[in-house]
Amino acid sequence: MEKLFEKLNISPKNKKLYVTAFSHSSYANEHKAKNDYERLEFLGDAVLDLVVADYLYSNQKEKEGEMTKIRASYVCENALFEYSMNLGLNEYIKVGHGEEKEGGKFKKAIVADIFEALIGAIYLDLGYATARKTVLQIIVPYIENPDITFFSDYKSALQEYVQTVQKSLTYNLIKEEGPAHERVFTVEVEVDGITYGVGVGQSKKEAEQEAAKEALKKLAV
């Protein structure tokens, strides 16, 4: 992991945090480890949202709705997967034997989650300023390059539509199945209590995006 730390220009104090950040639940279960990366992923997700929102507020003149869309495109699963692969984070992922056979180190959901977990670890270990600096050095080049775009964030597009017509929007997890190392989530999205889309994915985020995509087609937005 030393090469990664050099690449990110950070000097970790608590390296155990980074071991946890790269430990998938399948690995933790097999090795009876106390923690996997999921709590760090939760934290890193919030840090990412704040850093990117702050950057956009300070450097761009768009209105709130447009900034929300731009931020969503740079913290969506496709974007996080891209950052992770460019940094070679998948080389450090620890997964269980079953997950490894299924190509877990290259699964988009896992590789994207690892990026958020890493940011969460940096935040806990070295503080917000270092986490912010790390996020900006990775993401800003993408924001400033007009030739790089990530797929449309369907959830944000649906949210914007719902706000415009003043309707309610709800995502419901209706099914979660499969072994721990290969979970499959099914999510439905309701607009004013009516189901407009159902999505399936290897993460809740992916399933929600697919549900939103289906809803937008039906709503012809």
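Residues numbered from 1 in each chain as written. Predicted model: local features only at pLDDT ≥ 70, side-chain atom pairs only at ≥ 80, totals over all residues. Heavy atoms only, no water.

A. Representation of the packing of helix α8 (residues 108-126) against helix α9 (residues 128-144). At a minimum axis separation of 7 Å, α8 and α9 run at an interaxial angle of 145°. Of the residues in α9, those touching α8 at Phe 115, Ile 119, Ile 122, Tyr 123 and Leu 126 are Tyr 128, Thr 130, Ala 131, Thr 134, Val 135 and Ile 138. Of the residues that constitute the contact of α8 with α9, the class distribution is nine nonpolar, two polar and no charged. (Axes fitted to C-alpha atoms, helices over the stretch in contact; angles between N-to-C directions. Helix = DSSP H or I, 4+ residues; strand = E, 2+ residues; numbered from the N terminus. Contact = heavy atoms within 4.5 Å. Nonpolar A, V, L, I, M, F, W, Y, C, P; charged D, E, K, R; others polar.)

B. How the structure looks around the pairing of strand β3 (residues 194-201). The pairing of strand β2 (residues 184-191) with β3 spans seven bridges and is classified as antiparallel. Across the sheet, the residue bridging to Val 187 is Gly 199, located in β3. Here β2 folds back onto β3 in antiparallel fashion, the turn holding two residues, of which Asp 192 has a positive phi close to 55°. (Pairing = 2+ DSSP bridges.)

C. Quick peek at the nonpolar core. Core analysis: the biggest nonpolar cluster contains 48 residues, and Tyr 83, Phe 115 and Ile 139 have the highest contact counts within it. Going through the elements one at a time, α1 (2-8), α2 (15-21), α4 (38-59), α5 (64-75), α6 (77-87), α8 and α9 are the ones with two or more residues in this core. When residues of this core are assigned to their parent elements, the largest contribution, ten residues, is made by α8. Beyond its immediate stretch of four places on either side in the chain, Phe 115 contacts Leu 48, Leu 80, Tyr 83, Ser 84, Leu 87, Leu 89 and Ile 138. Counting residues in each nonpolar core, the second largest holds ten residues, with Leu 158, Val 189, Ala 212 and Leu 216 among its members. (Core = buried A, V, L, I, M, F, W, Y, C linked by side-chain atoms within 4.5 Å. Buried < 20%, exposed > 50% of the residue type's maximum accessible area, 1.4 Å probe, protein only.)

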